[in-house]
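Secondary and tertiary structure notes
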Amino acid sequence: MNPELTPDLTSDPIGWALLPWTRAEAEAVHDLPFNDLLFRAQTVHRENFDPNRVQLSRLLSIKTGGCPEDCGYCSQSSHHQSGLKASKLMEVQRVVAEARKARDAGATRYCMGAAWRSPKERDMEAVVAMVEGVKALGMETCMTLGMLDLRQAQRLKQAGLDYYNHNIDTSERYYSEVISTRTFADRLETLGHVRDSGMKVCCGGIVGMGEEKADRIDMLVTLATLPEPPDSVPINMLIPIEGTPLGEAEPIEPIEFVRTIALARIMMPKSHVRLSAGRTAMSDEMQALCFFAGANSIFVGDTLLTAKNPGEDKDSALFRRLGIKPTEPEAR
C-alpha cells in the first residue's frame, strides 16, 4: 500500500470521507486492516446517522417476469430458463392495499418494481396512480421500472415519487460480462434523467457475480463520483438462481462483502447503505458486522421481487439482540 494514500485514523478520522475519490484512494481504504476499516466506517457512520437505527423498506413486484433484458443474474429475464412465468401489471388497489399492510408492519418506504426494459405509455397512468395511492398513506415511495426518458421521470416526480432505483450493477469494465441488451452508459443516462427531474436516486450494485475486487471498488467510485452521490445505495449479494447464467456462481467471501459495505459507507457518508438481496445466506453475525460497517437500511418481508428474504420475525429477533430499532417515519 502506498503510505501517501493511507489515511491517518488518529488525526483525521473523517477527512477521507470528503475526498474526490479515485480508484487508488478507494483501494487504499478498502485494503486497510479489517479493524481499522471498520473503525473508520463506524466513525463516519456516527457522524451522519444514529448508529442504532435501521430504515425498513418493503419491495413489491408489480409486474413479474417476461423482461426482454438478458441480465445474467435475473430470473425474470425472458432469455433464461428459470421457470418463472410472466404476469400482468398488478391492479392499483391491490398495490395500495399491500403498501398499507407494509406501513402497519413498520415499513417507512414502499418500493415497487416492474420487469420492463422501460415503461410503455399505456402503463404510465396505472403506475402514476400507484405512486399517488402509496404516497397518500404517508410512506416514502420508490419505483424501479427500467430505463426512463426525461419526460417519464418528470411525470413520476409530479405524481409524488420520492426515489427511483436503477442500479449500475457492477463496474463499467465487467458490465458486458453480465448484460448485453443495454449498456453501462444507458444506465447512467437514466440516472441523469432521474436526477434532473428532482427525484432522489437509489443506485447500487450486485457483488459475487464473478467480478474482481477492482470491479467492486470501481463500482463504488462510479457511484461516489456521480454529480450527486445516490441517496440510497443498495448492496446486493448475488442469489444464484437455477436457469440463469450466474446460477452456479461462487459466493463472495463474507469478510470481503463486509469490506464492500464499509467502503460504501466511507465513500458516501450521507447515503443510506442498504443491505439488500442475499441476507438469507448471511449469518446473524455477518449481518451484525454489516450494520457495524455502516449498513443502515434493509428490505423486510418474505420476498424481494422473486427471491427469498428473511421473515420479519427473524429480523425483529436480530434487531432485539443487537439493540437496533427501526428508523422513525419522517413527519409529513
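For the structure given in this document, a descriptive report is provided here. (Residues numbered from 1 in each chain as written. Predicted model: local features only at pLDDT ≥ 70, side-chain atom pairs only at ≥ 80, totals over all residues. Heavy atoms only, no water.)

Another point: the packing of aromatic side chains. Counted under the stated rule, the structure contains two aromatic pairs. Ring geometry for Y175 against F184: centres 5.6 Å apart, planes inclined by 80 degrees, an arrangement best described as edge-to-face. We note that Y175, like F184, is buried. Both rings, one in F291 and one in F319, keep their centres 6.0 Å apart while their planes meet at 80 degrees; by these two values the pair is edge-to-face. (Phe/Tyr/Trp six-rings, centres within 6.5 Å; stacked < 30°, edge-to-face > 60°. Buried < 20%, exposed > 50% of the residue type's maximum accessible area, 1.4 Å probe, protein only.)

Its place among the elements puts T170 in the loop between β4 (163–165) and α6 (172–175). T170 gets classed as buried once you look at its relative accessible area, which sits at 2%. (Helix = DSSP H or I, 4+ residues; strand = E, 2+ residues; numbered from the N terminus.)

Moving on: the environment of K63. Here K63 is to be found in strand β1 (residues 53–63). With 52 residues separating them along the chain, K63 and A115 place their C-alpha atoms 5.8 Å apart. In this structure, K63 is in contact with Q76, S87, K88, L89, G113, A114, A115 and W116, ignoring residues within four places of it in sequence. (Contact = heavy atoms within 4.5 Å.)

What follows covers helix α5 (residues 150–159). For α5, the complete set of buried residues consists of Q152, A153, L156 and A159. Taken down its axis, α5 places every buried residue within 120 degrees of arc, on the same side. Elements in contact with the buried residues of α5: α4 (121–135), β3 (140–144), β4 and α7 (184–197). Between the side-chain oxygen of the N-cap and the backbone nitrogen of R151 there are 3.2 Å, and the N-cap of α5 in question is D149. (Arc of directions from axis to C-beta. Polar contact = N/O pair within 3.5 Å; in protein donor to acceptor, adjacent residues only side chain to side chain.)

Right, let's talk about the pattern of salt bridges for a bit. Under the counting rule described, the total for this entry stands at 17 salt bridges. Several salt bridges share partner residues, and in doing so they unite E27, D31 and K213 into one network. (Salt bridge = Lys/Arg side-chain N within 4 Å of Asp/Glu carboxyl O.)

What follows concerns the packing of α4 against α5. Look at α4 against α5: their axes get within 9 Å of each other, and the N-to-C directions meet at 25 degrees. Between α4 and α5, the angle falls in the class roughly parallel. The two elements α4 and α5 cross, and the hand of that crossing is right-handed. Between α4 and α5, the contacting residues are E121, M124, E125, V127, V128, V131 and E132 on the first element and R151, Q152, R155, L156 and A159 on the second. For the contact of α4 with α5, the class distribution of residues is six nonpolar, one polar and five charged. (Axes fitted to C-alpha atoms, helices over the stretch in contact; angles between N-to-C directions. Parallel < 35°, antiparallel > 145°, perpendicular 65-115°, else oblique. Left-handed = near helix turned anticlockwise from the far one by under 90°. Nonpolar A, V, L, I, M, F, W, Y, C, P; charged D, E, K, R; others polar.)

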